[in-house]
Amino acid sequence: MDYERPEINKSAIKDAEIEMERLDVESGQVEIQADKYGTVKRGLKSRHIQFIAIGLFLASFVQGQCSFVVLIGGTIGTGLFVGTGGALVKGGPLSLLLGYVVVGTMLLAVIQCLAEMATYLPIPGGLTVYAKRYIGDHVAFALGFNYWFGASITVCAEVSAAALVIDYWNSPVHVAVWITIILFGILALNIFSVKGYGEGEFIFSTIKIVTIVGLLLLSVIIDLGGAPTHDRLGFRFWKPEHGGPTKEYLKEGASGRFLGFLSTFVYASFAYNGSEVIAVAACEAINPRRNIPRAVNRTFWRIIIFYIGGVLSVGCIVSSNDSGLINAISAGTPGAGSSPFVIGIQNAGIKALPSIINAVILTSAWSSGNAFLYTGSRNLYALAINGQAPRVFASCNRNGVPWVSVLATFAIGLLSYMNCSASASAAFGWFSNLNAVGSLFNWATLCYTYIRFRKGCQVQGITNLPFKALWGSWIGWYGLIMCSVIILIQGFAVFFGEFNGANFVAACIGLLIYFVPMAGWWLWKRSGLVPYAEMDFVTGKAEIDAEELDYVEEVPKNIWEKIWFAIA
């Protein structure tokens, strides 16, 4: 059980069911329904949480190396796409590095905000429930719908991308077969038990960690002249004759270099997408008040090592003017064919790695599909327990999996089959691009939720927070402002050169996807902001406190277990 179940009689249960029918329920009444529909269960161990956090970072980063294929795909879309290679070509190595650093600080702010709320109340439906309790029903509905829609579409994109990556090996098997295998493999990991999801991500992440660390070390060796060509690169590709540290984009001169720098913000934002799964997983983590802060506190080093180290390596081993990289991105070459890592390695005279890296990219796409099916289903479940979606989506099996929500999210994933047809693939690609900005709206909402959460704590005199975000409300404001700025600039390219209506709509429709549900709910329910004095900081907390007291810390028995516990 994950939240408080008050003792009530049968008449009260019946009254609560009538209230749910009208979709006009309060938190306590929804929790009464949990007795009928079941609840999620805590099955994610510390190592699962740690590796899920690492895994999503690496999935985003590894996939970012093949910009068209994995998040947008050569046959998936023509709008915005995420990729280190694309960002390098547009902005240059210094702009790429600075863009990831700046957006990385925004990510740290978002994660710190989430960590404080998630450790205080690690309850089912975390993200959406927090918005409901600390802002209002209309914002909670917009956040939940936007998150579920974005996660569902991302499942499609990742599954399709994984199938396309296989084409790197010129597979004679039809793409529909691979889509079927990948889709139902992801479903199998999510439908039976949360441990299946956790173990799957643990395995995927282990593969990605080994690969990324290996690539970083290999990049250093290449840069120092240890490759077969024995050519010491240093920072050669940062010099003007090789493209320079910054590049002009859309305009000439300083303005063009500034626009190139801004373009890297968009790439970096989408590369970091999905990191909030730590808070989503909190309600199903064993001893969340210990494991969630540990994962969050290590986020800084993950960003430094995997992201900042990765983009710095890319900028040192491949030129932003490299014809092979530019042609691969333009042609949407599948898998490792458009990876700047692979192109840099091939330029250094090493020929054996592309297939290995392509296999890791395939694993990353599969891993992200797995993660977004998990997060999407939990947000649909959250809408149901909030009374903002049909209550059937709150149904859980005996293992605590919201199986109806999993199947509903999986059903959207069946749109992946649109990629079997060239015309349908183009339509699906444009459709999936419509929600590209959705993650930024989610992050901005969560930062604002935290700002109100902190103010509510002050008004109600709550000081016993198990984890406190660095710099308090100020870090929430920083995250909110940064997210808002990137939302405003993410489609700036459509205003330069010849106007393209389709690209304009793709860049701006995200505003409607977020604000229309919010306005619709507000007009229907006329729900306003929750007053600070009336915010609910109590429901569900007693049981979390009891679980924390009952938890017995596992003690390492030898040196190897001490090392493992330190890592996981």
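The structure under discussion appears in the preceding block.
These figures come from a predicted structure and were not determined experimentally.

J.: What should I look at first to understand the overall build of the protein in this one?
T.: A tally of regular secondary structure across the protein gives 24 helices and 0 strands. Looking at the 568 residues of the protein, the share that counts as buried comes to 61%. Residue pairs in contact within the protein that sit at least 24 positions apart in sequence constitute 82% of those at least 6 positions apart. Carbon and sulfur atoms form 66% of the exposed surface of the protein, whose accessible area is close to 21,700 Å².

J.: When you look at the side chain of Gln-112 in this model, what are you seeing that I'm missing?
T.: Within the secondary structure, Gln-112 sits in helix 6 (residues 93-120). The class for Gln-112 is buried, based on a relative accessible area of 14%. If sequence neighbours within four positions are ignored, Gln-112 has contacts with Val-296, Asn-297, Phe-467, Lys-468, Ala-469, Leu-470 and Ile-475.

J.: Looking at this structure, how should I read the nonpolar core?
T.: General note: in soluble globular proteins, nonpolar side chains tend to be found buried as a group. Within the largest apolar cluster, 130 residues are counted, with the highest numbers of intra-cluster contacts made by Tyr-100, Ile-222, Tyr-272 and Phe-453. If we ignore the near neighbours within four places in the chain, the residues touching Phe-453 are Glu-116, Met-117, Tyr-120, Tyr-134, Leu-465 and Phe-537.

J.: It is not clear to me how helix 21 (residues 473-489) should be interpreted in this structure. Could you clarify?
T.: Each α-helix winds once per 3.6 residues, and so residues spaced three or four apart point in a common direction. Taking 1.5 Å of rise per residue, the 17 residues of helix 21 would be expected to cover 24 Å, and the 25 Å separating its terminal C-alpha atoms lies within 8% of that figure. Turning to helix 21, its buried residues are Ile-475, Gly-476, Gly-479, Leu-480, Met-482, Cys-483, Ile-486, Ile-487 and Ile-489.

J.: So what exactly am I meant to see when it comes to the pattern of salt bridges here?
T.: Opposite charge on two side chains allows them to pair when their charged atoms are near. For the structure on display, the rule yields 5 salt bridges. Here Arg-454 makes a salt bridge to Glu-116, at a shortest N to O gap of 2.7 Å. Here Arg-454, found in helix 20 (residues 438-460), pairs with Glu-116, found in helix 6; they are 338 residues apart in sequence, far enough to count as distant. What makes Arg-454 buried here is its relative accessible area of 15%. Glu-116 sits in the buried class, given a relative accessible area of 0%. The shortest N-O distance in the salt bridge between Arg-236 and Asp-231 comes to 2.6 Å. With relative accessibility at 24%, the residue Arg-236 sits in the partly exposed group.

J.: Where do I start with the packing of aromatic side chains in this structure?
T.: Two measures describe an aromatic ring pair: the distance that separates the ring centres and the angle between the ring planes. Throughout the structure, instances matching the rule amount to 19 aromatic pairs. Judged by centre distance (6.1 Å) and plane angle (35°), the ring pair of Tyr-100 and Tyr-307 falls under tilted. In this pair, Tyr-100 sits in helix 6 while Tyr-307 sits in helix 14 (residues 299-317), placing the two residues 207 residues apart along the sequence. As far as burial versus exposure is concerned, Tyr-100 and Tyr-307 are alike and both buried.

J.: Would you mind showing me how to read a nonpolar patch on the surface here?
T.: Together, Leu-470, Trp-471, Trp-474, Trp-477, Ile-481 and Val-485 give the surface a local cluster of nonpolar side chains, amounting to about 750 Å² of exposed area. Taking the relative accessible area as the measure of exposure, Leu-470 reaches 46% and is therefore partly exposed.

J.: Would you take a moment to explain the state of the cysteines for this structure?
T.: Here, the word disulfide means a covalent bond between the sulfur atoms of two cysteines. By the definition in use, this model includes 0 disulfides. The structure places no disulfide on Cys-113, whose sulfur is separated from the nearest cysteine sulfur, that of Cys-447, by 4.5 Å. No disulfide involves Cys-483; its nearest neighbouring cysteine sulfur is the one of Cys-447, lying 5.1 Å away.

J.: Sorry if this is basic, but what is going on with helix 9 (residues 175-191) here?
T.: With 17 residues, helix 9 should cover 24 Å at 1.5 Å per step; its first-to-last C-alpha distance of 24 Å lies within 8% of that length. Looking at helix 9, one finds that the buried residues are Val-175, Ile-179, Ile-182, Leu-183, Ile-186, Leu-187, Asn-190 and Ile-191. What you see down the axis of helix 9 is that its buried residues fit within an arc of 150°, all on one side.

J.: What should I look at first to understand the packing of helix 9 against helix 18 (residues 403-413) in this one?
T.: Two quantities define a packed helix pair, namely the angle between the helix axes and the distance between the axes. For the pair helix 9 and helix 18, the least separation of the axes is 10 Å and the interaxial angle reads 165°. Put simply, helix 9 runs roughly antiparallel to helix 18. Here helix 9 and helix 18 pass one another in a crossing that is right-handed. Residues Leu-183, Phe-184, Leu-187, Asn-190 and Ile-191 of helix 9 form the contact with helix 18, whose own contacting residues are Trp-403, Val-406, Leu-407, Phe-410 and Gly-413.

J.: Explain the environment of Val-220 to me, please; I cannot follow it from the model alone.
T.: Assignment of secondary structure puts Val-220 in helix 10 (residues 194-223). Distance from Val-220 to Ile-317, taken between C-alpha atoms, is 8.7 Å for residues 97 residues apart in sequence.

J.: What exactly am I supposed to notice about the packing of helix 8 (residues 137-166) against helix 18 here?
T.: Running from N to C, helix 8 and helix 18 cross one another at 50°; their axes reach a closest spacing of 7 Å. Here helix 8 lies oblique to helix 18, going by the angle between them. At the point where helix 8 passes helix 18, the crossing takes the right-handed sense. Touching Trp-148, Ser-152, Ile-153, Val-155 and Cys-156 of helix 8 are Ala-408, Thr-409, Ile-412 and Gly-413, all from helix 18. Per-class residue counts for the contact of helix 8 with helix 18 are 6 nonpolar, 3 polar and no charged.

J.: Would you take a moment to explain the environment of Gly-243 for this structure?
T.: Residue placement: Gly-243 occurs in the loop between helix 10 and helix 11 (253-271). Among the residues examined, Gly-243 registers a relative accessible area of 17% and is labelled buried. Gly-243 sits 79 residues away from Asp-322 along the chain, and the two C-alpha atoms are 9.0 Å apart. Look past the residues within four positions of Gly-243 in its chain and what remains in contact with it is Ser-320 and Asn-321.

J.: Which parts of the structure should I look at to understand the side chain of Ser-152?
T.: As for its placement among the helices and strands, Ser-152 is situated in helix 8. Judged by relative accessible area, which is 1%, Ser-152 ranks as buried.

J.: Would you mind showing me how to read unusual backbone geometry here?
T.: Peptide bonds are, in most cases, trans, and in most cases residues other than glycine have a negative phi. The phi torsion at Leu-250 lies on the positive side, around 75°, for a residue other than glycine. Even without a glycine there, the phi angle at Trp-471 is positive, about 70°. By secondary structure assignment, the location of Trp-471 is in the loop between helix 20 and helix 21.

Rules behind the numbers
- Numbers given for residues are sequential positions, taken from 1 along each chain in its written order.
- Totals for whole chains, interfaces and linings use every residue, but because this is a predicted model, local features are given only for residues with pLDDT of at least 70 and side-chain atom pairs only at 80 or more, for both listing and counting.
- Each side-chain value is derived from all of the structure's non-hydrogen atoms; neither hydrogens nor water enter the calculation.
- We count a stretch as a helix when DSSP gives it H or I for four or more residues in a row; a strand needs E for two or more, and each element gets its number in order from the N terminus.
- Burial classification: accessible surface area is computed with a 1.4 Å probe over protein chains only, and a residue below 20% of its type maximum counts as buried, one above 50% as exposed, and the rest as partly exposed.
- We call two residues contacting when some pair of their heavy atoms lies within 4.5 Å.
- For accessible areas, the Shrake-Rupley method is used with a probe of radius 1.4 Å. Any residue's cover is judged against the shown protein chains and nothing else.
- To define a nonpolar core, start from buried Ala, Val, Leu, Ile, Met, Phe, Trp, Tyr and Cys residues and group those joined through side-chain atoms within 4.5 Å.
- Each helix should span, by expectation, one fewer than its residue count multiplied by 1.5 Å.
- Note on definitions: salt bridges are taken to be side-chain nitrogens of Lys or Arg within 4 Å of carboxyl oxygens of Asp or Glu.
- In this analysis, rings of Phe, Tyr and Trp, with Trp reduced to its six-membered ring, are considered paired at centre separations within 6.5 Å, and the interplanar angle assigns stacked below 30 degrees, edge-to-face beyond 60, and tilted for intermediate values.
- Like charges within 9 Å and nonpolar side chains (Val, Leu, Ile, Met, Phe, Trp, Tyr) within 5 Å are joined into patches, using only residues over 30% in relative accessible area that form no salt bridge.
- Pairs of cysteine sulfur atoms within 2.5 Å are what we label disulfides.
- What the arc covers is the set of directions going from the helix axis to the C-beta atoms.
- What counts as an axis is a line fitted to C-alpha atoms, over the stretch in contact for a helix, and the angles between N-to-C directions run from 0 to 180 degrees.
- Note on terminology: angles under 35 degrees are roughly parallel, angles over 145 are roughly antiparallel, angles of 65 to 115 are roughly perpendicular, and the others are oblique.
- Crossings are classed by handedness, with left-handed meaning an anticlockwise turn of the near helix from the far one by less than a right angle and right-handed meaning a clockwise turn.
- Three residue categories are used. Nonpolar comprises Ala, Val, Leu, Ile, Met, Phe, Trp, Tyr, Cys and Pro, charged comprises Asp, Glu, Lys and Arg, and polar comprises the others, including Gly.

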